[in-house]
Amino acid sequence: MSAITFFGTTDLERIVDFYVEEIGAEVWLEQTDCTILKYDNQLLGFCDRDDPDTEGILTFVYPDRAGVDEMHRTLADRAREEPRENDEYEVYQFFAEDPDGRTVECQTFLHPTDPV
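Since this is a predicted model, take the numbers as computed values, not measurements.

(A) Seen up close, a nonpolar patch on the surface. Where nonpolar side chains cluster on the molecular surface, the patch consists of Ile-4, Phe-6, Trp-28 and Leu-29 and spans about 330 Å² of accessible area. Those elements that provide at least two residues to the nonpolar patch are β1 (4-9) and β2 (26-30). Mapped onto the elements, Phe-6 comes out in strand β1. On the basis of relative accessible area, Phe-6 is assigned to the partly exposed category, the value being 39%.

Laid out in structure tokens, this is it:
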């Protein structure tokens, strides 16, 4: 079993649709007022709440620059910037916002990494 990170949202259907349709996650488990999504090795839970949890960054890792560029085209209306190299972390990345205003990062590592 892995870990699940949960976030409150004021519009569960809208946020689930965003992560499924735009990001490519899949519904892993439906609960009474929460939906848990799976994206590769990441489990994210979104629960219907009065206020959204928008702290932190949800980072999605792609195998190469082309994957990041494709996501930038998909999220163009939500992207804060063009994809760029970040020399400090040796990644190619851009930031966007989900429908709740949460920061979403799409990146690829520019150096070898161990499998997760």
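(B) Quick peek at the packing of aromatic side chains. Inspection of the entire model under this criterion finds six aromatic pairs. Each ring, one from Phe-18 and one from Tyr-19, has its centre 4.8 Å from the other, and the planes form 85 degrees; the classification is edge-to-face. When sorted by exposure, Phe-18 lands in the same class as Tyr-19, which is buried. We classify Tyr-19 as buried; its relative accessible area is 0%. Among the aromatic residues, those joined into a cluster by ring pairs are Phe-7, Phe-18, Tyr-19, Tyr-39, Phe-46, Phe-60 and Tyr-62. The ring of Tyr-92 has Arg-65 sitting right over it, with the charged end atom 4.6 Å from the ring centre.

(C) Representation of the layout of surface pockets in the model. Taken as a whole, the largest pocket spans an internal volume of roughly 330 Å³. Looking at the largest pocket, it is lined by 15 residues, and the ones nearest its centre are Asp-40, Val-61, Tyr-62, Phe-109 and Val-116. Every element with two or more residues in the lining of the largest pocket is listed here: β5 (57-61) and β8 (103-109). The element best represented in the lining of the largest pocket is β5, accounting for three residues. Split into classes, the residues belonging to the lining of the largest pocket amount to seven nonpolar, six polar and two charged.

Thresholds, definitions, all that
Residues numbered from 1 in each chain as written. Predicted model: local features only at pLDDT ≥ 70, side-chain atom pairs only at ≥ 80, totals over all residues. Heavy atoms only, no water. Patch = residues over 30% accessible without salt bridge, like charges linked within 9 Å, V, L, I, M, F, W, Y side chains within 5 Å. Areas by Shrake-Rupley, 256 points an atom, 1.4 Å probe, with all protein chains shown as cover. Salt bridge = Lys/Arg side-chain N within 4 Å of Asp/Glu carboxyl O. Helix = DSSP H or I, 4+ residues; strand = E, 2+ residues; numbered from the N terminus. Buried < 20%, exposed > 50% of the residue type's maximum accessible area, 1.4 Å probe, protein only. Phe/Tyr/Trp six-rings, centres within 6.5 Å; stacked < 30°, edge-to-face > 60°. Lys NZ or Arg CZ within 6 Å of the ring centre and 35° of its normal. 1 Å grid on protein atoms, 1.4 Å probe; cavity = no way out; pocket = protein on both sides within 12 Å on 5 of 7 lines; lining within 4 Å. Points joined across faces, edges and corners; volume = space filled by probe spheres on them. Nonpolar A, V, L, I, M, F, W, Y, C, P; charged D, E, K, R; others polar.

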